[in-house]
Amino acid sequence: MQQKILISRAIFPEVIAKLAQHFDVTSNQDDVLWTPSQLIEQLACKQGIFTTGGERIDAALLAACPDLRICANMAVGYNNFDLDAMTAAGVLGTNAPDVLTETTADLGFSLLMATARRLAESEHYLRAGLWTRWRYDMFIGADIHGATLGILGMGRIGQGIARRGAHGFGMKVIYHNRTRLDAATEADCKACYVSKEELLRTADHLVLVLPYSASSHHAIGAAELARMKPSATLVNIARGGIVDDAALALALRNRTIAAAGLDVFEGEPKVHPDLLTVPNIVLTPHIGSASLPTRLAMAHLAADNLIGYLVNKKALTPLNPAPAALA
Ligand code: DGY
């Protein structure tokens, strides 16, 4: 009998067509946002699910879906997966690394530049009809070239941002990470390892690229913001919840730091109301990987993981040990 899979959100039709060559596919091109119990209902008797990063795969879902063998995330982040519960239930998780690295680093660097040079704030001013003359001190921002770029979380995307800053803009790059990079990678990124304390204290522009977990929850809160320079900018392209958004809004209002650029939010797509009323901020709706070739590559990788595992017994980018029955 043909294996069944669920695609839980709207996705490129060509990727659905590819999956339909191998599986009995249920898709959701109306992009209905299912509740956890609706998701469980939809997943009944299915062996695989194509997720897009927001669907929670936890012990309750796994217990209710005993036929499930694989969850393929179309995202590099996988904080929507309870991997321990998946391993215990014999369900493989896969993500979509590498294909989005450079596109997401591009967005990180764009946000850094827009934040430092106050692009959103000055555009709102112009659109509001407030621009009546040139002034020497109008929308004075911070330089990017020659400044100190701090990166918290130095995985593939962090390294991409470091290379852009060091090689393209002559920035001094410092970073903090759970594990220090090898010397060759540090040299390639022209990056120096520092403590988190030094990173906070000395960066002119701090970019967050660390994965979300219980230990990175509110890694940047009121205490950390207070350690940063009043002229510093902060960019978060990692995950909501890494920054305490209420504390950040207060720090921006009080000018504890100069400005922030955020692509991700605690509890998104809801945005903390205080962030919407501070002027010194650039806000984008989680578009880090949003270029057409990259989103297509992510979707194809998730599809290839489903086909690879359920048809050929080998996933391309597994996150947890493959259950013995299929491996
Ligand atoms: C990812 O892949 O984790 C990006 O944030 C897009 O969801």
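These numbers come from a predicted model, not from an experiment.

**What about the nonpolar core?**
In step 1: Judged by nonpolar contacts, the single largest core of 52 residues is most densely connected at L19, F50, L149, I151 and I161.
In step 2: Top element by residues in this core is helix 13 (residues 292–310). It accounts for nine residues.
In step 3: Mapping this core onto the domain boundaries places at least three of its residues in each of domain 1 (4–97 + 292–310) and domain 2 (101–283).
In step 4: Ignoring anything within four residues of it in the chain, the contact list for I151 reads G158, I161, A162, V173, I174, Y175, H176, L199, L206, V207 and V209.

**Notes on the packing of helix 5 (residues 101–116) against helix 7 (residues 156–169)**
In step 1: Remark: helix 5 packs on helix 7, axes separated minimally by 8 Å, with the N-to-C direction vectors making an angle of 55°. Relative to helix 7, helix 5 is oriented oblique. Crossing handedness for the pair helix 5 and helix 7: right-handed. Contact with helix 5, carried on its side by T101, E102, T104, A105, D106, G108, F109 and M113, involves R156, I157, G160, I161, R163, R164, G165 and F169 of helix 7 and no other residues of that element.

**Topic: the pairing of strand 4 (residues 70–73)**
In step 1: The alternating pattern of strand 4 places I70 and A72 and C71 and N73 on opposite faces, both of which are buried.
In step 2: Pairing geometry for strand 3 (residues 48–51) and strand 4, over four bridges, is parallel. Looking across to strand 4, one finds that G48 is bridged to I70.
In step 3: Handedness of the crossover joining strand 3 and strand 4 through helix 3 (residues 59–64) is recorded here as right-handed.
In step 4: Summarising the sheet, strand 4 and strand 5 (residues 92–94) pair through three bridges and their orientation is parallel. Opposite C71, over in strand 5, you have G93 as the bridge partner.
In step 5: Handedness of the crossover joining strand 4 and strand 5 through helix 4 (residues 83–89) is recorded here as right-handed.

**Re the site of the ligand**
In step 1: Close to the ligand lie A75, V76, G77, L100, R239, H286, S289 and M298.
In step 2: Take G77: an N or O atom from its main chain is 2.9 Å from an oxygen atom of the ligand.
In step 3: In this structure, R239 approaches the ligand through a side-chain N or O atom, which is 2.7 Å from an oxygen atom.
In step 4: Within the shell around the ligand, the residues separate by chemical class into four nonpolar, three polar and one charged.

**Here's the deal with the pattern of salt bridges**
In step 1: Across all of its chains, the model carries 13 salt bridges by this definition.
In step 2: In this structure, the salt-bridge partner of D106 is R164, at a minimum N-O distance of 2.8 Å. Of this pair, D106 sits in helix 5 while R164 sits in helix 7, and the two are 58 residues apart along the sequence.
In step 3: Relative accessible area serves as the criterion here: at 40%, D106 is assigned to the partly exposed category.
In step 4: Residues R227 and E197 are paired through a salt bridge, measuring 3.2 Å at the closest nitrogen-oxygen approach. Of this pair, R227 sits in helix 10 (residues 222–227) while E197 sits in helix 9 (residues 196–202), placing them 30 residues apart in sequence.
In step 5: Relative accessible area serves as the criterion here: at 36%, R227 is assigned to the partly exposed category.

**With respect to the domain arrangement of the protein chain**
In step 1: Entries for the protein chain in the domain assignment read domain 1 (4–97 + 292–310) and domain 2 (101–283).
In step 2: Facing six residues of domain 1, the contacting portion of domain 2 comprises four residues.
In step 3: Between domain 1 and domain 2, the buried area comes to about 420 Å², and carbon and sulfur atoms account for 49% of it.
In step 4: Looking at the side of domain 1 facing domain 2, the largest losses of area belong to N79, P97 and T294, adding up to 73% of the total buried there.
In step 5: Connecting domain 1 to domain 2 are zero salt bridges.
In step 6: Taken together, domain 1 and domain 2 are joined by two residue pairs in polar contact (both at pLDDT 80 or more).
In step 7: Here the residues of the side of domain 1 that touches domain 2 are counted per class, giving three nonpolar, three polar and no charged.

**Considerations on the packing of helix 1 (residues 13–20) against helix 13**
In step 1: Packing of helix 1 against helix 13 brings their axes to within 10 Å, and their N-to-C directions diverge by 15°. Put simply, helix 1 runs roughly parallel to helix 13. For the pair helix 1 and helix 13, the sense of crossing is right-handed. For the pair helix 1 and helix 13, the contacting residues are E14, V15, K18 and L19 in the first and L296, A299, H300, A303, D304, L306 and I307 in the second.
In step 2: Here the contact of helix 1 with helix 13 is composed, by residue class, of seven nonpolar, one polar and three charged.

Calculation notes
- Residues numbered from 1 in each chain as written.
- Predicted model: local features only at pLDDT ≥ 70, side-chain atom pairs only at ≥ 80, totals over all residues.
- Heavy atoms only, no water.
- Core = buried A, V, L, I, M, F, W, Y, C linked by side-chain atoms within 4.5 Å.
- Buried < 20%, exposed > 50% of the residue type's maximum accessible area, 1.4 Å probe, protein only.
- Helix = DSSP H or I, 4+ residues; strand = E, 2+ residues; numbered from the N terminus.
- Domains from an automatic or database assignment.
- Contact = heavy atoms within 4.5 Å.
- Axes fitted to C-alpha atoms, helices over the stretch in contact; angles between N-to-C directions.
- Parallel < 35°, antiparallel > 145°, perpendicular 65-115°, else oblique.
- Left-handed = near helix turned anticlockwise from the far one by under 90°.
- Pairing = 2+ DSSP bridges.
- Right-handed = clockwise from strand over helix to strand, strands pointing away.
- Near = heavy atom within 4 Å.
- Polar contact = N/O pair within 3.5 Å; in protein donor to acceptor, adjacent residues only side chain to side chain.
- Nonpolar A, V, L, I, M, F, W, Y, C, P; charged D, E, K, R; others polar.
- Salt bridge = Lys/Arg side-chain N within 4 Å of Asp/Glu carboxyl O.
- Buried area = accessible area lost by both parts, 1.4 Å probe.

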